[in-house]
Amino acid sequence: MDDQPKSPVPVVEMPRGMSRAKIDDKGRIKLPAGFLHFFDALPERKVFVTSTDGRIAEIYPISAWREMEKFLIANRKLDSARRALFTAGRLGSDCEVDTQGRVTVNSELRAELGLDNQELHVEPYNLNRIRILSAAMFKESMDDFRAADPKKDKDELLAAGMP
């Protein structure tokens, strides 16, 4: 007989792959269906939408944001942690994922990161949050990818123990 207590939190994997999205006229971004299923399985639909670097917007399930917040507070002696916490607080807001998979992105965050009126790219990141890349940030990532040496990258990953 198994005496292990059952976890009340379902084991849910975040979807994989990058998708395109736009901010609608009400300041909401519609997430792909896979993300809606992910949020449906969580105990809370609340999210914190922010940026810690002032360049890339991120949607944190509230449990993931709580962990990030604890980390930043525990490391507040680091200038980078203080800046990240300040930026997140200044640009962030709580909201809930609605039944259509839409998430409100507050106007200050949209304006500072230039997210309105353009195609955005949405990607799962670090298995615990969703990044929203503006066209400029997507281009920067693509430029970095194109400048890389694929053989060197593969060798580096194999040396690090890639399966």
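Residues numbered from 1 in each chain as written. Predicted model: local features only at pLDDT ≥ 70, side-chain atom pairs only at ≥ 80, totals over all residues. Heavy atoms only, no water.

J.: Quick question: what am I supposed to make of the sheet that holds strand 5 (residues 93-96) here?
T.: Adjacent strands of a sheet form backbone hydrogen bonds with each other and so pair up, either parallel or antiparallel. Strands sit in the order 1-7-8-4-3-5 across an open sheet of six strands; the sheet is antiparallel. In the strand order of this sheet, the two ends are held by strand 1 (19-21) and strand 5, each with one partner. Pairs of neighbouring strands in the sheet enclose a mean axial angle of 30 degrees, with direction left out of account. Here three bridges tie strand 4 (residues 57-61) to strand 8 (residues 129-133), and the two strands are oriented antiparallel to one another. If you follow I59 over to strand 8, its bridge partner there is I130. With respect to the sheet, helix 1 (residues 33-41) is in contact with strand 3 (46-50), strand 4, strand 7 (120-125) and strand 8, its orientation differing from that of strand 4 by roughly 35 degrees. (Pairing = 2+ DSSP bridges. Helix = DSSP H or I, 4+ residues; strand = E, 2+ residues; numbered from the N terminus. Axes fitted to C-alpha atoms, helices over the stretch in contact; angles between N-to-C directions. Contact = heavy atoms within 4.5 Å.)

J.: Help me understand the confidence of the model for the protein in this model?
T.: One rule of thumb: low pLDDT means the predicted coordinates there are not for detailed reading. Mean pLDDT over the protein: 91, with 93% of residues reaching 70 or higher. Counting contacts from residues 4-9, a segment whose pLDDT is below 50, to residues more than four positions away or on other chains yields one contact. (pLDDT = per-residue confidence, 0-100.)

J.: Would you mind going over unusual backbone geometry with me for this structure?
T.: Leaving glycine out, the prevailing phi sign among residues is negative, and the prevailing peptide bond configuration is trans. Even without a glycine there, the phi angle at N117 is positive, about 55 degrees. Note that N117 resides in the loop between helix 4 (107-113) and strand 7. Despite not being glycine, L127 shows a phi value in the positive range, around 60 degrees. Mapped onto the elements, L127 comes out in the loop between strand 7 and strand 8.

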